Each structure stands twice: as C-alpha cells, then as structure tokens.
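Chain and residue survey
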Amino acid sequence: MDTQLKKGLLEICVLSLLRREDSYGYKIMGDLPPYAAVSESTLYPILKRLEAGGCLLTYTQAHNGRLRKYYRITPEGQQRIAEFIDQWREIEKIYHFIIEEDQTDGPREIF
Amino acid sequence: MDRERFFKELRKLLGQLSPQEREQIFQYYAEIIDDKIEGGMSEAQAVAQLGTPHQVAAKILEENGAAPNSGTGSGTGSKVLITVALVLGSPLWLSLGIAALALLLSAFIVVLALLLTAGVMGLCGVLMLVPSVLLAFREPAAGLFQVGCCLFVSGLAIPFGLGSYKLWGALCRLVDTLIKRLRGKSAERRTAQ
C-alpha cells in the first residue's frame, strides 16, 4: 500500500481506539488489528502528529510505582474520524463505478 | 542488549534533536519496555523487540526529514555555528534589511505625496473657478481660458487621486505577502526541528 496512505489510515485507526477509551502506548499497539499492526517506532510519530494536530491530548498517571503517559481523543479528533468516514463513502462510490466499468464485456468499437 | 546500552546508543544517534524531544522519546520507549517486562518478557527480549538503536533512530528521524548522526557532533553544536554565522554576517543582512525597509517606506511616502498633490490640484481648480467665471463676464476670452485651466487642473486630480489610491492598495498587499512569506519560512524551520 502507498506509504502516505497507510500513514493516514493508521492515524485514524489510533484515533478510533481512543474513541472507545483513553489508552497508552503499549496497549494501543496491542489493540490495533493485525492488518494495521505497527512497531513502536512507527507508532511514536503517529502519536506525535496527532497531538500536534490537536486530535489527542496527553496526561500522566501513576501505575505500579512508575509514570505512564495516557492519550485521550479530543473533539477535533472525533471530527477527523467523521471526515475520514465521509471521504471514504465518496471513494467507495467511485470504486464501484470503476469496478463496473471494468466488468463490461468486449472491446468498444472505435470509429 | 540491556536497556542502558540501548538508550546510550540511541542518545548518540539522536544527537541532532533538542534535549526535550530526546527525553520525550526515551520516556516513550522506557514506558513500553516496562510494560513488556510487566507482561512477562525479560529486559533483553523487550529491548530486542524494539529493533536496533540504528533502526529506531532512522524511523524517528525519517519523520523529521533527517538522517541519524554518524556519532560525532551534537545538535547544539550546529545551532551555535548558525548563530555565530548570523552575528558575523549581520553587517550584510542587517544593512540590506534596513535598505529594503527604507525603500518600502519611501514608496509609501511617494504615494502619499501623489495623493496630496491630487487634493491640492482639485482644491485649487475648484476655488479658482468662481473668480474665473466672474472674469469671463468682463473679458470673455481670458475668462473662458482660465475656466478651462481650472477644469483641467481639477480634472487631473481624478486620475492622480485614483492612481495613488490603487498604488496604496498594491503596496499594502505587497507588505502583506512579504509578512506571510516570512511567517511561513519561520514556521517551516520550526517544524523541521
């Protein structure tokens, strides 16, 4: 898949996880589906970009005597998911158009 | 590899980043290592799963559009170099900047002068109209000539006035674009770091 496209999709995946509940690095990695799996080093810039874009905010909480950084989705993050879904409904229509064209039989006559 | 060695290597490779950014990155990875150990892994396993320090550094810097440090020199070193170059070069860029500002200012003053001229011409033309008409009753030729002059002068005021108004607008737009470009350049530099 195109790298830029994948990056964008992964960002939305992470936001979707945060829509259900606040989470932290290691948990996000585990909760992502296998087809959207990422390494720690891929996830870090994704989280950074989302934070820079105002789609999520961070806070720290103590856990077993150490500090853990939690991520929470913002209204802008919710908006981003909604925009993504709308955009992909459009893409789906175009995709079906292309698929149907692809399946018409025989070559067209050229005058 | 144990975590201490991992972070030591990573610190060297990420030398070009700011200390705050480096600390954030280390905290992120340290937390993940701790979570993995809590999940039952050994420290060596947890660290190994992250990849080599070089791979990790490459991925991080890829986002910033740079390549990992070969080892020597730090980010703060190049920043000092840039500041020194700026200071040493200041007679050049500073005086060029002042010259450019002076040019811009004089352009505004010229436009204002044009506007003033237009105003004065219009006023004179209108004020002289009445005496000129009165003169025309006594000396038709001379009077009509003067009336013509008045109309001509006050008529000139229109293009002068409109011209200076348009020029003023164009200058303001120019300043606007310049400011936006300068802001864009400094924002670019900030995100690149």
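Residues numbered from 1 in each chain as written. Chains lettered and ligands numbered in written order. Predicted model: local features only at pLDDT ≥ 70, side-chain atom pairs only at ≥ 80, totals over all residues. Heavy atoms only, no water.

Regarding the overall build of chain B
Operational definition: Secondary structure is summarised from DSSP: a helix means a run of H or I of at least four residues, a strand means a run of E of at least two, and numbering begins at the N terminus for each. Burial here depends on accessible area, computed with a 1.4 Å probe over protein chains only, as a share of the maximum for the residue type. Under 20% is buried, over 50% is exposed, and the range in between is partly exposed. The contact rule is simple, with two residues in contact once any of their heavy atoms fall within 4.5 Å. Where accessible areas are quoted, they stem from the Shrake-Rupley method and a 1.4 Å probe; at the residue level, only the protein chains shown are allowed to cover.
Broken down by element type, chain B carries 6 helices and 0 strands. Ordered by position in the sequence, the α and β elements of chain B form the string α-α-α-α-α-α. Taking all 193 residues of chain B together, 25% fall into the buried category. Considering only contacts in chain B between residues 6 or more positions apart, those separated by 24 or more positions represent 66%. Carbon and sulfur atoms provide 70% of the accessible area of chain B, an area that totals close to 13,000 Å².

A look at the interface of chain A and chain B
Accessible area lost upon the coming together of the parts serves often as the stated size of an interface. Applicable threshold: Buried area: the accessible surface (1.4 Å probe) lost by two parts on joining, summed over both. When a carboxyl oxygen of Asp or Glu is within 4 Å of a side-chain nitrogen of Lys or Arg, the pair counts as a salt bridge. Under this definition, polar contacts are N or O atom pairs within 3.5 Å; protein pairs additionally need one hydrogen-donor-capable and one acceptor-capable atom, and for neighbouring residues in sequence, both atoms have to be side-chain atoms. Amino acid classes used here: Ala, Val, Leu, Ile, Met, Phe, Trp, Tyr, Cys and Pro are nonpolar; Asp, Glu, Lys and Arg are charged; the rest, including Gly, are polar.
Every contact between the two is made by 21 residues of chain A and, on the other side, 18 residues of chain B. Of the roughly 1,700 Å² buried at the junction of chain A and chain B (both faces included), carbon and sulfur atoms supply 48%. Of all residues in chain A, Tyr26, Glu40 and Tyr44 of chain A bury the most surface against chain B, accounting for 40% of the area lost on that side. In this structure, the connection of chain A to chain B is made through 4 salt bridges. The residue arginine 66 of chain A makes a salt bridge to glutamate 38 of chain B at a minimum N-O spacing of 2.9 Å. For the pair chain A and chain B, the number of links is 11 residue pairs in polar contact (both at pLDDT 80 or more). Elements supplying a minimum of two residues to the side of chain A that touches chain B: helix H2 (25-31), helix H3 (40-52) and strand E3 (66-73) of chain A. Among the elements that line the side of chain A that touches chain B, the one with the most residues is H3 of chain A, at 9 residues. Considered class by class, the residues forming the side of chain A that touches chain B number 9 nonpolar, 5 polar and 7 charged.

Describing a nonpolar patch on the surface
Residue and element names in this part refer to chain B. Stated formally: Patches in this entry comprise residues that are over 30% relatively accessible and not in a salt bridge; like charges within 9 Å are linked, as are nonpolar side chains (Val, Leu, Ile, Met, Phe, Trp, Tyr) within 5 Å.
Taken together, the side chains of Ile82, Leu86, Trp93, Leu94 and Ile98 define a hydrophobic patch exposed on the protein surface, amounting to about 520 Å² of accessible area. Examined against the element boundaries, isoleucine 98 turns out to sit in helix H5 (residues 75-138). A relative accessible area of 54% places isoleucine 98 in the exposed class.

Comments concerning the pairing of strand E2 (residues 56-63) of chain A
All names here are of chain A. Formally: What makes two strands pair is DSSP finding at least two bridges between them.
Taken together, the 8 bridges between E2 and E3 define a ladder with antiparallel strand orientation. Residue pairing for E3: histidine 63 is matched across the bridge by arginine 66. What sits between E2 and E3 in their antiparallel hairpin is a turn of 2 residues, with asparagine 64 showing a positive phi close to 50 degrees.

Digging into the pattern of salt bridges
All names here are of chain A. In total, this model carries 15 salt bridges over all chains according to the counting rule given. For arginine 72, the salt bridge identified is with aspartate 22, shortest N-O distance 2.7 Å. Within this pair, whereas arginine 72 is found in strand E3, its partner aspartate 22 is found in the loop between helix H1 (3-20) and strand E1 (23-24), the two being separated by 50 residues in sequence. A residue is classified by how much of its surface remains accessible, and aspartate 22, at 24% relative accessible area, is partly exposed.

Topic: the sheet that holds E1 of chain A
The following threshold applies: Inter-axis angles, ranging from 0 to 180 degrees, are taken between N-to-C directions of lines fitted to C-alpha atoms, where helices are fitted over the stretch in contact.
Overall, antiparallel pairing links the 3 strands, which are arranged E1-E3-E2 (chain A) in an open sheet. The open sheet has two edge strands, E1 and E2 of chain A, and neither has a second partner. Of the strands in this sheet, E1, E2 and E3 of chain A touch helix H2 (residues 19-38) of chain B, which is tilted by about 105 degrees from E3 of chain A.

Considering the layout of surface pockets
Convention followed: Cavities and pockets are defined on a 1 Å grid built over the protein atoms alone: a cavity is a set of grid points where a 1.4 Å probe fits but cannot escape, while a pocket is an open set with protein on both sides within 12 Å along at least five of seven lines, and lining residues are those with an atom within 4 Å of any such point. Grid points are joined across faces, edges and corners, and a volume is the space filled by probe spheres set on the points.
Put simply, the second largest pocket is a space of about 260 Å³. What lines the second largest pocket is a set of 17 residues, and nearest its centre among them are Lys69 of chain A together with Gln24, Gln27, Tyr28 and Glu31 of chain B. Put simply, the parts of the chain that give the lining of the second largest pocket at least two residues each are H3, E2 and E3 of chain A together with H2 of chain B.

Section: unusual backbone geometry
Backbone geometry follows two general trends: most residues other than glycine have a negative phi, and most peptide bonds adopt the trans configuration. The phi dihedral of asparagine 64 of chain A is positive, around 50 degrees, even though this residue is not glycine. Relative to the assigned elements, asparagine 64 of chain A resides in the loop between E2 and E3.

Side note on the UniProt feature "transmembrane region" (unreviewed entry) in chain B
All names here are of chain B. This is how the line gets drawn: UniProt positions are given in the numbering used here, feature names are shortened, and annotations may be inferred rather than shown by experiment.
The UniProt feature table records "transmembrane region" (unreviewed entry) at residues 80-102, 108-130 and 142-162. In this annotation, residues 108-130 is assigned 100% helix and 0% strand; the end-to-end C-alpha distance for the span is 35 Å. Taken end to end, residues 142-162 is 100% helix and 0% strand, and its two terminal C-alpha atoms sit 31 Å from one another.

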